[in-house]
Amino acid sequence: MAKEAPSDVPEAIPHMESHILKELAAHRAKYSDRSGGNTFVPPLIVGVQGPQGSGKTFLTSILRDVLQAPPHNLSVAVLSLDDLYLPHDDLINVAASHPSNALLKGRGQPGTHDVPLGTELLNKLKRINDPSAAGLDLELPSFDKSAFDGEGDRVPHGPMVRPPIDVVLFEGWCVGFYPISREELERRYAQPVKGLEDDFLQRKGYRLEDVLEINERLKDYVSWWNLFDAFIQIRPPDNHPYTYIYKWRLQQEHHMKARNGGKGMSDEQVERFVDRYIPGYVFFGDGVVEGYEEAPGKKVTPPWSGHGLRIQIGETREVVEVSKF
């Protein structure tokens, strides 16, 4: 029996639902137009990006339930960037091998994810509906953020997905972020961070060479983004691009600790945790819309260009504006 759709959904969900259904119809039509009877329709892979605490994980889970319920009855898999974090021991090793880079002292930034695992999973999901790959059940990873006093660790087993799959939702804070040129990185590093202290990057101990290291690591993620068909971005208002993230992420941690007996980060740890993410938004976040410069003078647009939905939310996560990109 199909699971019923949630009766009371957040106001962002109908916009997301409509976007997915439109993109899925076009995706299916593209494959049905191809000659030959052996062509399979791969899942529509949708990137979902939003900052910490914005509700992207919650919205993605509700969206999955809505799409799987009547009248749509779709098969939907959800893969979270957070579940691709390296195991705890490997996160410790990354931090130890970059002792001067404050951005790598814990999970978060590019360089703290299991890139080979993510590549393997995305490529298998892309071909999961291929009849020649019959029986390709796939176990997705799972990461417990409350383990090791909030440092987190991968758990032994995650959810299983089985073909056929209609839609894959891949959600995460830096999904769709692209590296930038050294010249542009240096220019942005010299600018104040909007809404935060003018010397935010320097005061937090984030050196130019630290950000350059993250920029280099981010290049490994581009092959993931190349597999996406569509995109949904959840973003704060332009006049508060970063300050609300601290409030949202703190609420999220309090909610988690209330459910698990108090395991997780202190308020001070949450603030330091969010601090590490802010450079990602400052330097790489606009790549979701603009893509990146692959070589001097050679601009590459994201594969989801023309297939993106942007939902701007306010301080209490209410929908402020909806647009396409």
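As a reminder, the structure under discussion sits directly above these lines.
Since we're looking at a predicted model, the values are computed, not measured.

Visitor: So what exactly am I meant to see when it comes to the side chain of Asp 65 here?
Guide: Among the secondary structure elements, Asp 65 is positioned in helix H2 (residues 56-68). In terms of polar contacts, Asp 65 uses its side chain to reach the side chain of Arg 64, at 3.4 Å.

Visitor: What's the story with the sheet that holds strand S8 (residues 230-235) in this structure? I'm lost.
Guide: Ordered in space as S2-S7-S1-S8-S11-S12, the six strands form an open sheet in which the pairing is mixed. The outermost strands of the open sheet, each flanked by one partner alone, are strand S2 (76-80) and strand S12 (319-324). Neighbour-to-neighbour, the strand axes of the sheet open up by a mean angle of 15°, direction not taken into account. Two strands pair when backbone bridges link them, and S2 and strand S7 (residues 167-172) are joined in this way by five bridges, in the parallel orientation. Note that in S7 the partner of Leu 79 across the bridge is Phe 170. Along the sheet, H2 makes contact with strand S1 (44-49), S2, S7 and S8, crossing S7 at roughly 170°.

Visitor: Before we go on, may I ask you to explain the pattern of salt bridges in this structure?
Guide: Where charged atoms of side chains with opposite charge meet at close range, the side chains can pair. Applying the stated rule across the entire model yields 22 salt bridges. A salt bridge links Arg 182 to Glu 186, with the shortest nitrogen-to-oxygen separation between them at 2.8 Å. Pair noted here: Arg 182 and Glu 186 are both in helix H5 (residues 182-189), with a separation of four residues, about one helical turn. When its relative accessible area of 46% is taken as the criterion, Arg 182 is described as partly exposed. Put simply, Asp 275 and Lys 204 hold a salt bridge, and the shortest N to O gap is 3.0 Å. Of the two residues, Asp 275 is situated in helix H10 (residues 267-284) and Lys 204 in the loop between helix H6 (200-203) and helix H7 (208-218); the sequence distance between them amounts to 71 residues.

Visitor: I tried to follow the packing of helix H9 (residues 243-260) against H10 on my own but got confused; where do I start?
Guide: The packing of two helices is summarised by the inter-axis angle and the distance between the axes. Interhelical geometry of H9 versus H10 gives an angle of 135° and a closest axis separation of 10 Å. Our classification of the angle between H9 and H10 gives oblique. Like other packed secondary-structure pairs, H9 and H10 cross with a definite hand, here right-handed. Counted together, Ile 245, Tyr 246, Arg 249, Leu 250, Glu 253 and His 254 of H9 and Asp 267, Val 270, Glu 271, Phe 273, Val 274, Asp 275, Ile 278 and Tyr 281 of H10 form the full contact between these two elements. Across the contact of H9 with H10, the residue classes break down as eight nonpolar, one polar and five charged.

Visitor: Explain the packing of aromatic side chains here, please?
Guide: By convention here, two paired aromatic rings are described through the distance between centres and the angle between planes. A full pass over the atoms with the stated rule returns 19 aromatic pairs. Both rings, one in Trp 173 and one in Tyr 277, keep their centres 4.6 Å apart while their planes meet at 75°; by these two values the pair is edge-to-face. Remark: Tyr 277 occurs in helix H10 and Trp 173 occurs in the loop between S7 and H5; sequence separation between them is 104 residues. Judged by its relative accessible area of 2%, Trp 173 falls in the buried class. Judged by centre distance (5.6 Å) and plane angle (50°), the ring pair of Trp 225 and Phe 228 falls under tilted. We classify Phe 228 as buried; its relative accessible area is 3%. An aromatic cluster of at least three residues, connected via ring pairs, comprises Phe 170, Tyr 178, Tyr 221, Trp 224, Trp 225, Phe 228, Phe 231, Tyr 292, Trp 304 and Phe 325.

The rules behind each value
Residues numbered from 1 in each chain as written. Predicted model: local features only at pLDDT ≥ 70, side-chain atom pairs only at ≥ 80, totals over all residues. Heavy atoms only, no water. Helix = DSSP H or I, 4+ residues; strand = E, 2+ residues; numbered from the N terminus. Polar contact = N/O pair within 3.5 Å; in protein donor to acceptor, adjacent residues only side chain to side chain. Pairing = 2+ DSSP bridges. Axes fitted to C-alpha atoms, helices over the stretch in contact; angles between N-to-C directions. Contact = heavy atoms within 4.5 Å. Salt bridge = Lys/Arg side-chain N within 4 Å of Asp/Glu carboxyl O. Buried < 20%, exposed > 50% of the residue type's maximum accessible area, 1.4 Å probe, protein only. Parallel < 35°, antiparallel > 145°, perpendicular 65-115°, else oblique. Left-handed = near helix turned anticlockwise from the far one by under 90°. Nonpolar A, V, L, I, M, F, W, Y, C, P; charged D, E, K, R; others polar. Phe/Tyr/Trp six-rings, centres within 6.5 Å; stacked < 30°, edge-to-face > 60°.

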